[in-house]
Amino acid sequence: RKITLPGNAKSENESERKSIEIIVRTEVNCKLPDSGPNSGLVSVKALNEYEPKVTYSWRSHLESQKGMVLATELKNNAFKLGRWTAQAVLAGCDTMKIGYVSRGR
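Presented here is an overview of the structure given in this document.

Conventions used here
Residues numbered from 1 in each chain as written. Predicted model: local features only at pLDDT ≥ 70, side-chain atom pairs only at ≥ 80, totals over all residues. Heavy atoms only, no water. Helix = DSSP H or I, 4+ residues; strand = E, 2+ residues; numbered from the N terminus. Rg over C-alpha atoms; globule rule 2.2 N^0.38 Å. Buried < 20%, exposed > 50% of the residue type's maximum accessible area, 1.4 Å probe, protein only. Contact = heavy atoms within 4.5 Å. Areas by Shrake-Rupley, 256 points an atom, 1.4 Å probe, with all protein chains shown as cover. Lys, Arg positive; Asp, Glu negative; His and termini not counted. Charge placed at Lys NZ, Arg CZ, Asp CG, Glu CD. Pairing = 2+ DSSP bridges. Axes fitted to C-alpha atoms, helices over the stretch in contact; angles between N-to-C directions. Disulfide = S-S within 2.5 Å.

## Some remarks on the overall build of the protein chain
Along the protein chain, the regular secondary structure elements total four helices and five strands. Its C-alpha radius of gyration of 20 Å places the protein chain more than 25% over the 13 Å reference for a compact globule of 105 residues. By its C-alpha atoms, the protein chain is 60 × 35 × 20 Å across when sized along the principal axes. Split into buried and exposed, the 105 residues of the protein chain put 18% on the buried side. For the protein chain, restricting intrachain contacts to residue pairs at least 6 apart in sequence, the fraction spanning at least 24 positions comes to 48%. For the protein chain, the accessible area works out to roughly 8200 Å², and carbon and sulfur atoms hold 54% of it. Here the protein chain contributes 17 positive and 11 negative side-chain charges, whose respective centroids are spaced 4 Å apart.

So this is what it looks like as structure tokens:
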């Protein structure tokens, strides 16, 4: 993907007035059916279940308190979710899907 950063037209330095073109490598996981040629791109990510406390389990809380589980994961994985969001924006994705992965015993 090619991104152009405009220069500062008010700057006295010539190198700061020039536009900069950046080429970045991005990742798109899938494309939605019935979408146009440059639309419907989706980024799919997964949050893994991690149990630091034996009393807390995704399985029991996902059914009744989805918002609480999401808020806890946003708090504990803020950097990871921010990185995923930046990757999706740079790739031009219209949608980002996040799923929960629970471990089998």
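## Considering the sheet that holds strand β5 (residues 95-101)
Within the open sheet, the three strands sit side by side as β3-β4-β5. Their pairing is mixed. Every interior strand has two partners, whereas the edge strands, β3 (30-31) and β5, have only one. Pairing of β3 with strand β4 (residues 41-48) involves two bridges; the strand directions are antiparallel. For Lys31, the partnering residue across the bridge sits in β4 and is Leu41. Lying over the sheet, helix α4 (residues 78-91) contacts β4 and β5, oriented at roughly 170° with respect to β4.

## Things to note about the environment of Arg83
Relative to the helices and strands, Arg83 is located in helix α4. Between the alpha carbons of Arg83 and Arg25 there is a distance of 14 Å; along the sequence they are 58 residues apart.

## A short note on the state of the cysteines
Tallying each qualifying case throughout the model produces zero disulfides. Just so you know, Cys93 is unpaired, no disulfide at all, and the nearest cysteine sulfur is the one on Cys30, 8.4 Å from it. Exposure remark for Cys93: the relative accessible area of 14% places this residue in the buried category.

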